[in-house]
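As a plain string of letters, each chain reads:
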Amino acid sequence: KAGVTQTPRYLIKTRGQQVTLSCSPISGHRSVSWYQQTPGQGLQFLFEYFSETQRNKGNFPGRFSGRQFSNSRSEMNVSTLELGDSALYLCASSSSETRAADTQYFGPGTRLTVL
Amino acid sequence: AQSVTQLGSHVSVSEGALVLLRCNYSSSVPPYLFWYVQYPNQGLQLLLKYTSAATLVKGINGFEAEFKKSETSFHLTKPSAHMSDAAEYFCAVSRFGNEKLTFGTGTRLTIIP
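Presented here is an overview of the structure given in this document. Remember, predicted model here, so these are calculated numbers, not experimental data.

Parameters at a glance
- Residues numbered from 1 in each chain as written.
- Chains lettered and ligands numbered in written order.
- Predicted model: local features only at pLDDT ≥ 70, side-chain atom pairs only at ≥ 80, totals over all residues.
- Heavy atoms only, no water.
- Helix = DSSP H or I, 4+ residues; strand = E, 2+ residues; numbered from the N terminus.
- Rg over C-alpha atoms; globule rule 2.2 N^0.38 Å.
- Buried < 20%, exposed > 50% of the residue type's maximum accessible area, 1.4 Å probe, protein only.
- Disulfide = S-S within 2.5 Å.
- Pairing = 2+ DSSP bridges.
- Axes fitted to C-alpha atoms, helices over the stretch in contact; angles between N-to-C directions.

### Things to note about the overall build of chain A
From N to C terminus, chain A includes zero helices and 11 strands. Reading chain A from its N end, one meets helices and strands in the order β-β-β-β-β-β-β-β-β-β-β. Over its C-alpha atoms chain A spans a radius of gyration of 13 Å, differing by no more than 12% from the 13 Å that the globule rule assigns to 115 residues. With respect to the three principal axes, the spread of C-alpha positions in chain A is 40 × 25 × 25 Å. Burial analysis of chain A (115 residues in total) assigns 50% to the buried set.

### A word on the state of the cysteines
Disulfide: a covalent bond formed between the sulfur atoms of two cysteine residues. Residue and element names in this part refer to chain B. For the coordinates displayed, the defined rule picks out two disulfides over all chains. Paired by a disulfide, Cys 23 and Cys 91 hold their sulfur atoms 2.0 Å apart. The S-S bond linking Cys 23 to Cys 91 shows a torsion near -60°; that makes this disulfide left-handed. Of this pair, Cys 23 sits in strand E3 (residues 19–26) while Cys 91 sits in strand E9 (residues 87–94); the two residues are 68 residues apart in sequence, bridging distant segments of the chain. Overall, Cys 91 belongs to the buried group, its relative accessible area being 0%.

### So, the sheet that holds E3 of chain B
Residue and element names in this part refer to chain B. The strand order across the open sheet formed by five strands is E1-E3-E8-E7-E6, and the pairing between neighbours is antiparallel. Every interior strand has two partners, whereas the edge strands, strand E1 (3–7) and strand E6 (56–58), have only one. In this sheet, neighbouring strand axes are inclined to one another by 20° on average, regardless of whether the strands run parallel or antiparallel. In the sheet, strand E7 (residues 64–68) pairs with strand E8 (residues 73–78) via five bridges, with the strands oriented antiparallel. Among the inter-strand pairings, Glu 64 is bridged to a residue of E8, identified as Thr 77.

Encoded structure:
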């Protein structure tokens, strides 16, 4: 099975712009989670989508949003970019068949640089 | 609320020596615990996970971890370090296997030739 794929791998934007990142989960996986990784804050949970519905949300401002499509692919959007949004954004998928025994598998990430 | 603490942001060991990376957790419910590894410019790769089935968990690449409830610990070990083990290691906790993960701050492992 192919792993989790994320596009693009690298992005450079300027302050005030918006950006959309894409994530394709492992085939058959229905849950997609997003995480932000920065040197200062480490790995932080952004949100999780399951069957096109946001099931859980982290503590991030409303500028961060996401959605999931019927084929389980997910996108996250960041509007009005700030310098502090520079980070590695990681997507993880899980089958969600049985919550207890499930595991999240991560993609390679999208490195976003805000100038 | 759940949390994990990783003791030692940097650990250096000689090639062939024992690797020990420490993780302590805090959880109000029986936790699910994970170790992930991250190589430079890559995502996270699952090394192993604890889901209450067995306290000693064996993972990939010769790593294993032991869940000790009395010590609230889940330390990662490998008997003999290899140069390819150089990476950053993250301990994580969740309520369920696929619920949001709460990560530790990571431990960067350096292998000395």
